[in-house]
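Chain and residue survey
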Amino acid sequence: MSAVSSRLPVFPWDKLEPYKKTAAAHPDGIVDLSVGTPVDPVPELVRRALAEAADSPGYPTVWGTAALRDALAGWCERRLGARGVAHTEVLPVVGSKELVAWLPTQLGLGPGDRVAYPRLAYPTYEVGARLAGATPVVYDDPTELDPNGLRLLWLNSPSNPTGRVLGKDELTRIVAWAREHGVLLLSDECYLELGWEADPVSVLHEDVCGGSYEGIVAVHSLSKRSNLAGYRAAFVAGDAAVLGELLAIRKHGGMMVPAPVQAATVAALGDDAHVREQRARYAERRAALRSALVSHGFRIEHSEASLYLWATRDEPCWDTVGRLAELGVLVAPGDFYGVAGERFVRVALTATDERVAAAVKRLG
């Protein structure tokens, strides 16, 4: 038996365990700002929709209900500036991480194929390439890549971990380049609802893609905007030919979003009020943490969107992690996201107001 895991990097979060123990030993307890997992309540209307759909004894469909597809298409048009989104251009998935990790395999990529992603990036882009046996490639500007053998190009705006946002003109230029060279473009837009000092734009926006979704697919998640990380509710939208291939494969694989979660997704996408309320919570936490970090000698770079502050004290990231752990504050080292992050840490906004206040106090 071949060990597929041997293709993969060491799971990064295991390296953080000793620092987590140090932070947990603080007399007032740990403030965990390392993982961007929501801590606020699931909106009541979403829980109600989930409960009302609880009596679902039959198998759900991989494509989702017609009501779900209506909700996905309608949200893309209302929120992303997409036009004329058809049911064949949306597909629910079991959380965005699953999609990112298995997409290269499901699209038949393998040895000799290349998968590109930003130099500072969510680690699962690399994992997806390695699971398929493809070659991972990092970039600063994707249009400077050699397109030969490049089968899949990942964009991530707003970025995890940096919070950087790609502007409309830059997105338009990259979409045109990918189409010119026949490279499938996947845009991870899971933090699009969380722009602070910039207004993130989707590749599906009419001004970016020219009203055609050929060769482009956007990835979206309800984990952050609606506190639904535990529901594993996400979807992709874009090129009907790509999504049709994924649908056919995922039917055979039984990759179905549970029926109650489909109903909850419809409710969540149909309501903007809870998104505004959650944004307001994160905005207050962001302002408090940013001010405290700057006062403590940190410099914040990018961070104009998303759920993180990308911070540095101009020292090795693990030294910073250690110093903050002594204060009972746990953050993620920047080298989790690539060697270019080795002097940064990622500070998540996903802690309760009480824990954020504790972190601010400890930072002095």
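These figures come from a predicted structure and were not determined experimentally. Within any chain, residue numbers begin from 1 and follow the written order of that chain's sequence. Where totals are concerned, whole chains, interfaces and linings use all residues; where local detail is concerned, this predicted model gives features only for residues with pLDDT of at least 70, and gives and counts side-chain atom pairs only at 80 or more. To get the side-chain values, all heavy atoms of the structure are used, and hydrogens and water are removed first.

Some thoughts on empty space enclosed by the protein
Cut-off, in case you're wondering: Of the two site types, the cavity is a set of points on a 1 Å grid over the protein atoms alone where a 1.4 Å probe fits but cannot get out, and the pocket is an open set with protein on both sides within 12 Å along at least five of seven lines, each lined by residues with an atom within 4 Å of a point. Grid points are joined across faces, edges and corners, and a volume is the space filled by probe spheres set on the points.
Counted according to the given criterion, the structure contains two cavities of 30 Å³ or more. Forming the boundary of the largest cavity are W75, E189, C190, L192, E193, H220, S221, L222, R225, F235 and L269. Size it by volume and the second largest cavity reaches roughly 40 Å³. In this structure, the second largest cavity is lined by L68, L72, P92, V93, A233, A234, V257 and T265.

Quick word on the pairing of strand β2 (residues 90-93)
Selection rule: Summary of the burial criterion: residues with accessible area below 20% of their type's maximum are buried, those above 50% are exposed, and those between are partly exposed, where the area comes from a 1.4 Å probe applied to protein chains only. Secondary structure follows DSSP: runs of H or I at least 4 residues long count as helices, runs of E at least 2 residues long count as strands, and numbering of each begins at the N terminus. Strand pairing follows a simple DSSP-based rule, namely that at least 2 bridges must link the two strands.
Of the two faces of β2, the one holding V90 and P92 and the one holding L91 and V93 are both buried throughout. The pairing of β2 with strand β8 (residues 234-238) spans four bridges and is antiparallel. Opposite P92, over in β8, you have F235 as the bridge partner.

Focus on the pattern of salt bridges
Pairs can form between side chains of opposite charge once their charged atoms are near each other. Note the following rule: Criterion for a salt bridge: a side-chain nitrogen of Lys or Arg within 4 Å of a carboxyl oxygen of Asp or Glu.
Scanning the model with the defined rule gives 25 salt bridges in all. Across the salt bridge formed by D140 and R119, the nearest N and O atoms sit 3.0 Å from each other. With a gap of 21 residues between them, D140 in the loop between β4 (135-139) and β5 (150-156) and R119 in the loop between β3 (114-118) and α5 (124-132) connect regions that are remote in the sequence. Overall, R119 belongs to the partly exposed group, its relative accessible area being 35%. As a salt-bridge pair, R355 and E354 come within 2.8 Å of each other at their nearest N and O atoms.

So, the sheet that holds strand β6 (residues 184-188)
To keep things clear, this is the line we draw: Lines fitted to C-alpha atoms define the axes, with helix axes restricted to the stretch in contact, and inter-axis angles between N-to-C directions lie between 0 and 180 degrees. Residue contacts follow a heavy-atom distance rule, with two residues in contact if any of their heavy atoms lie within 4.5 Å.
If you trace the seven strands from one edge of the open sheet to the other, you get β2-β8-β7-β6-β5-β3-β4, paired in mixed fashion. In this open sheet, the two edge strands, each paired with only one partner strand, are β2 and β4. Ignoring which end each strand starts from, the neighbouring axes of this sheet average 20 degrees apart. Examined bridge by bridge, β3 and β5 share three bridges and lie parallel to one another. Directly across from V115, in β5, lies its bridge partner L152. Strands β2, β7 (216-221) and β8 of the sheet are contacted by helix α3 (residues 66-80), whose axis makes an angle of about 110 degrees with β2.

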